[in-house]
Structures are given as structure tokens and as C-alpha cells.
Number of protein chains: 4
Amino acid sequence: MLKLADARRIIAAAEKKAIEIGQPMNIAVVDEGANLLSHIRMDNAWIGSIDVSINKAFTSRAFNISTKELAENSQPGDQFYGIHASNQDRVMIFAGGIPLKNKHGVVIGAIGVSGGAGHQDHAVAEAGASAYTS
Amino acid sequence: MLKLADARRIIAAAEKKAIEIGQPMNIAVVDEGANLLSHIRMDNAWIGSIDVSINKAFTSRAFNISTKELAENSQPGDQFYGIHASNQDRVMIFAGGIPLKNKHGVVIGAIGVSGGAGHQDHAVAEAGASAYTS
Amino acid sequence: MLKLADARRIIAAAEKKAIEIGQPMNIAVVDEGANLLSHIRMDNAWIGSIDVSINKAFTSRAFNISTKELAENSQPGDQFYGIHASNQDRVMIFAGGIPLKNKHGVVIGAIGVSGGAGHQDHAVAEAGASAYTS
Amino acid sequence: MLKLADARRIIAAAEKKAIEIGQPMNIAVVDEGANLLSHIRMDNAWIGSIDVSINKAFTSRAFNISTKELAENSQPGDQFYGIHASNQDRVMIFAGGIPLKNKHGVVIGAIGVSGGAGHQDHAVAEAGASAYTS
């Protein structure tokens, strides 16, 4: 079970990466039930990304997939196009959400990052996720 | 009129198929009024698919069409593009919802399945639907 | 962790009680994350109780309390009055929701029942909950 | 202007108080714009209190008042009765939210706490608020 101490370690690693690349971010971690454990908004990060970061984390746990991968299947004409209208509009279909897995490969939560370009959000989320799985 | 006993038989048939193909699913059945009769989430099925399965069933009864067919008419440029924003975001436009018909061909409910690839969801929904119409 | 087989056993026990008292019910079970595991609507049970049963289960897990007890603290002038406006209106403050506890007394889910008078809903929920803890 | 470092200091002080009184809490801090800066859910704190803590903080900044005081004016028959239905149900009218003021007495944010009895939530929020104003 993911604990607050884990969430803080994950967020700290993500925050470090965000500072490195010079892009202020919103960073959120949810637990196994897709419920919020912790969130931070770095100074000067977008207000609109509060909700996006939390919902990217929700999405990655809700479907056990990174939002970057989900995005590829959710474009017009693809098999999951329209999924963004489900779950009370909490499904985010662009990069920045990554599932957190335990050593058995079981998803036990997720991280969601929002505040920059898609590849930046994803990179910061990856930095956070590595802090847990390592 | 669809009864709870019918819904259970339909769900059991769908569940059997899901086990066969090795993909845990959320399975929902709605009645003539498009209102939920029963839902199950199989162990390890996605949390995000609870809502999706229920809403695929809603959609198939609401418009008397499979969500696979509706998807074809709801892409950008097509005649129903944008329909996923109606009905409080309960309209799902990707495969997995199928209307249930009585022996006179009248739609009396629907099944909705979510948890795998589109073709898997549709196949499991078909297995469930056959249990009723047969 | 609560499994679908547990949810079915809990629902079966609740359904048996509902039949005994002659009141058709909606019965829902959620897991540790307050996410729906299974739902049934008995024949002739109220349509409006679909949502209520699911949300009573949500509430009992969200706050680790029966909705009957929560009701007592949520009346005008009491310490939690107004809590029903939180959590996207999913907080139900009348009888019928009961937490499910494991043998260590830890809440690992909840049952929600709706379809009759408050004391009937609560009695049916208790019957369901006993099937798990026994 | 409230910064993330301030929010962390405020949350740490509140968390310390929550540990002292032995009640796990959700703790949230919003800035001048009533937008979330940071949130934590302590281990074993209620899931339903995630939303409540964030919205108590929102409410205290939105109306520059503690939610304990607002509660007194929002009961049936009182001058603000019904205010909890405004602002997309984000207005919480029970204790646990407190405005954060700078040395000039200007409100520059708020803290929201949820997870225990009303007086516990308020005491933990006060501990957090003092960490800023001192």
C-alpha cells in the first residue's frame, strides 16, 4: 500500500527534475484506489494544471496505463476515442500520467504531472515514478 | 421486461467469455429505461471501466445501437460528431455496448463491457447478449 | 482486499433479508478505494435508489462510518452539517450504508442499500455486512 | 504571496498537531486566488476528506472567514443559509477551514483540515495557520 512517505519521496524526485529542466509543475500522487495522496504546485506553475495533474494520476491508475500511451489509442478513429468523456471528465488523454508499480509489477498508484510541454510532463513523471520503483 | 435474473444470466455468460479470453472486465446491464440493473467488476479489472461499462450499456439502450456502430458515426466530420458531450457525458462512442432485443426484435435493455481492447469488450458483450436472445 | 466473490456473498445475504422483509432494494458494494465492485437492483426496486445505494456505500467507506451514524452528526446545527454538499454530491446522510471490516477491524469496503424506509435499508445492509465479517 | 515553501511549513505544523492528538487528517493549503498549493492525506485518514479539506480551504479564502464562523451563519433560518449550494458545491460550512493572514492582516490564502471531529479539525487548522502568521 502506498503511504504518504512514499508519495513525498516520489514528488520530491519529480520536483527535482522539474527544477533541472526549469519548468514549474503541478505534481500529484494517487493510491491504489485512485484517490489523492498528495499534491504540490510549484511556484509559478499554472493554476489550470492543478486539476490536470490530479486527473492524469487518476487516469493512469484507473486504466493502469500512462496517459501518453492512452493518448495514442484515444485519437479520432482509434479504439478508445471518446474515453475522455467518461468518469466525470477526469480522464486525461495527454502525456504526464504514469502508473506506479510494486516489485511484483502490480499497479499500486500513479503520478500525474502538468505544467509544461507533453514531453516535459512525461519526463518529470518518469523521474517521480523511478523514485518509487527503485 | 428485463428482470434481475436475466441480468445475472447475461452477466454470467459475459463473465465466462472474459475468463476464456483472459481479460478481466467490468460488465453492466441496463433495462428498458436505460437504468442500471446490475454491475460486476471482475478481480483486477480497471477502476476507470466501472463508469465506462455502465455508460456503454446506457448508450446502447439510449440510442438502440451498439457503441461500435455509433463510433463509426461519431468521428470528427461524421453526422453524430459531438454526441459524446450530450447526456451528462454518459454517451460512450467506442466498442463494448450492445442492445438486448426480445424475440420480436424490440430493444428491452443493453449490456456494456469495458476492460480490454475494443474488440475484446465487444466480443464479451456479444457473449452476454446471446445469453438473453437465445 | 475485497474480491468480487466477497461482494456477491455480501449481496446475496442482503438480498435474502430484503426478500424476507418484502421490500425490493438496490444493493451495492464498494472496495477499499470506495470504488464499485458490484450492484444489483431487485425487481420493482426504485430507479432513484440505484445512485443512492452506490453512494451510501461510497460514503460509508469514504468516512469509515455508517450513514445512519453520519446522519446524526449532519443535521442542521450539528458538527458535520453541510457535508452532503462535498464529494460531488455523493455523500448520503441517511441510513443504509455500513462499512465492511476485516478481522483486524480495518475497513476494507462498504455496503450501501436503498429502496425502503431507513430502518429497512439499514437492516438489509447489516445482513449483508454480517455475511462478510462472520 | 504565499509560496509552496510556506504551504509546506504550514502543513508540517498542522501534521505535527494531528499526530499529537492522534487523529490522521487531510490537510490542504490554497493561495490568494483560492487555488490549491498543496495537499497531504496522512496514512489512514478518510478518503472522503480529501475533497472536504481542499474545499474548506477554498471556502475560507473565498469568503475570508473560518468555516467554523461561516457555519454559524449558514444554518436553516440564518442569513447565509443555502450558501453551500453555490460555487459548484465547494462551500463547506463546518469547522476546519481558516484564512491565512499576512502581518498587515490581509488574507493571502487559507488552510483546510478534515479527518476528525469538528473541534479537532479546527485545532489542527489553527496549528497550521499559526506557523505562517508567527
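Computed from a predicted model, the values in this text were never measured in an experiment. (Residues numbered from 1 in each chain as written. Chains lettered and ligands numbered in written order. Predicted model: local features only at pLDDT ≥ 70, side-chain atom pairs only at ≥ 80, totals over all residues. Heavy atoms only, no water.)

(A) The side chain of Asn-26 of chain B, seen in detail. Residue and element names in this part refer to chain B. Its location among the elements puts Asn-26 in strand E1 (residues 26–30). On the accessibility criterion, Asn-26 (0% relative accessible area) is buried. A distance of 2.9 Å separates the side chain of Asn-26 from the backbone oxygen of Trp-46, its partner in a polar contact. For Asn-26, the residues in contact, after removing those within four places along its chain, are His-39, Ile-40, Arg-41, Ala-45, Trp-46, Ser-49, Ile-50, Ser-53, Gly-112, Val-113 and Ser-114. (Helix = DSSP H or I, 4+ residues; strand = E, 2+ residues; numbered from the N terminus. Buried < 20%, exposed > 50% of the residue type's maximum accessible area, 1.4 Å probe, protein only. Polar contact = N/O pair within 3.5 Å; in protein donor to acceptor, adjacent residues only side chain to side chain. Contact = heavy atoms within 4.5 Å.)

(B) Local environment of the layout of surface pockets. Reported here for the second largest pocket is a volume of approximately 780 Å³. Lining the second largest pocket are 36 residues; nearest its centre among them are Met-1, Glu-32 and Gly-33 of chain A together with Glu-32 and Gly-33 of chain C. Of the residues in the lining of the second largest pocket, the class split is 18 nonpolar, 8 polar and 10 charged. (1 Å grid on protein atoms, 1.4 Å probe; cavity = no way out; pocket = protein on both sides within 12 Å on 5 of 7 lines; lining within 4 Å. Points joined across faces, edges and corners; volume = space filled by probe spheres on them. Nonpolar A, V, L, I, M, F, W, Y, C, P; charged D, E, K, R; others polar.)

(C) Just the interface of chain A and chain D, in detail. With 18 residues of chain A at the contact, the number on the chain D side is 18 residues. Between chain A and chain D, a total of about 1600 Å² is buried, with carbon and sulfur atoms accounting for 44% of that surface. Considering only the surface of chain A that becomes buried against chain D, Leu-36, Arg-41 and Asp-43 of chain A emerge as the three largest contributors, covering 32% of it. Viewed at the interface, chain D and chain A are joined by 4 salt bridges. Between chain A and chain D we count 15 residue pairs in polar contact (both at pLDDT 80 or more) in total. Breaking the side of chain A that touches chain D down by element, the ones donating at least two residues are helix H1 (4–21), strand E2 (36–41) and helix H2 (49–62) of chain A. A per-element tally of the side of chain A that touches chain D places E2 of chain A first, with 6 residues. Tallied by class, the residues present in the side of chain A that touches chain D amount to 9 nonpolar, 3 polar and 6 charged. Relative to strand E2 (residues 36–41) of chain D, E2 of chain A runs antiparallel, the two being bridged by 3 bridges. Bridge pairing in E2 of chain D links Ile-40 of chain A to Ser-38 of chain D. (Buried area = accessible area lost by both parts, 1.4 Å probe. Salt bridge = Lys/Arg side-chain N within 4 Å of Asp/Glu carboxyl O. Pairing = 2+ DSSP bridges.)

(D) Spatial organisation of the packing of aromatic side chains. Considering all chains together, one arrives at 4 aromatic pairs over all chains under this definition. The interplanar angle of 80 degrees and the centroid separation of 6.0 Å between the aromatic rings of Phe-80 of chain C and Phe-94 of chain D together place this pair among those described as edge-to-face. Of this pair, Phe-80 of chain C sits in the loop between helix H3 (67–73) and strand E3 (97–101) while Phe-94 of chain D sits in the loop between helix H3 (67–73) and strand E3 (97–101), on two different chains. Residue Phe-80 of chain C shares its accessibility class with Phe-94 of chain D, and that shared class is buried. (Phe/Tyr/Trp six-rings, centres within 6.5 Å; stacked < 30°, edge-to-face > 60°.)

(E) Quick look at the packing of helix H1 (residues 4–21) of chain C against helix H4 (residues 118–133) of chain C. Residues and elements named next belong to chain C. The geometry of H1 relative to H4 is characterised by a closest axis approach of 7 Å and an angle of 140 degrees between their N-to-C directions. Taken together, the axis directions place H1 and H4 in an arrangement best described as oblique. Crossing hand, H1 versus H4: right-handed. The residues of H4 that touch H1, namely those facing Asp-6, Arg-9, Ile-10, Ala-13, Ala-14, Lys-17, Ala-18 and Ile-21, are Gln-120, Ala-123, Val-124, Ala-127, Gly-128, Ala-129, Ala-131 and Tyr-132. A class-by-class count of the residues in the contact of H1 with H4 yields 11 nonpolar, 2 polar and 3 charged. (Axes fitted to C-alpha atoms, helices over the stretch in contact; angles between N-to-C directions. Parallel < 35°, antiparallel > 145°, perpendicular 65-115°, else oblique. Left-handed = near helix turned anticlockwise from the far one by under 90°.)

(F) Expanded view of the pattern of salt bridges. Residues and elements named next belong to chain A. Taken as a whole and assessed by the stated rule, the structure comprises 16 salt bridges over all chains. Among the salt bridges present, the one from Lys-56 reaches Asp-121, with a minimum N-O distance of 3.0 Å. Note that Lys-56 is positioned in helix H2 and Asp-121 in helix H4 (residues 118–133), a separation of 65 residues in sequence. Each of the two residues, Lys-56 as well as Asp-121, counts as buried.

(G) Molecular detail of the relation of the copies chain C and chain B. After a rotation of 180 degrees and a shift along the axis of 0.2 Å, chain C superposes on chain B with an RMSD of 0.1 Å. The symmetry that links the two subunits is that of a two-fold axis. Looking at the rotation axis and the C-alpha trace of chain C, the residue lying nearest is His-39 of chain C, at 2.5 Å. Counting the interface residues of chain C, we find that 100% of their copies in chain B are interface residues as well, pointing to one common contact surface. (Least-squares fit on C-alpha atoms with pLDDT ≥ 70 in both.)

(H) The relation of the copies chain A and chain D, seen in detail. Note on the copies: chain A fits chain D at an RMSD of 0.1 Å, the axial shift is 0.2 Å, and the rotation between them is 180 degrees. Comparing interface residues between copies, 100% of those in chain A also lie at the interface in chain D; the contact surface is shared.

(I) Spatial organisation of the sheet that holds strand E4 (residues 107–114) of chain D. Reading across the sheet, the 8 strands line up as E3(A)-E4(A)-E1(A)-E2(A)-E2(D)-E1(D)-E4(D)-E3(D) and stay open at both edges, with antiparallel pairing between neighbours. At either end of the open sheet lies a strand with only one pairing partner, and these are strand E3 (97–101) of chain A together with E3 of chain D. Between one strand axis and the next, the sheet turns through 15 degrees on average, direction left out of account. Relative to E4 of chain D, strand E1 (residues 26–30) of chain D runs antiparallel, the two being bridged by 5 bridges. Directly across from Val-29 of chain D, in E4 of chain D, lies its bridge partner Ile-111 of chain D.

(J) Representation of the interface of chain C and chain B. If you look at the interface, chain C gives 18 residues, while chain B gives 18 residues. Across the interface of chain C and chain B, roughly 1600 Å² is buried in total on both sides, 44% from carbon and sulfur atoms. In terms of surface lost to chain B, no three residues of chain C exceed Leu-36, Arg-41 and Asp-43 of chain C, which account for 32% of the buried area on that side. Taken together, the connections running from chain C to chain B amount to 4 salt bridges.

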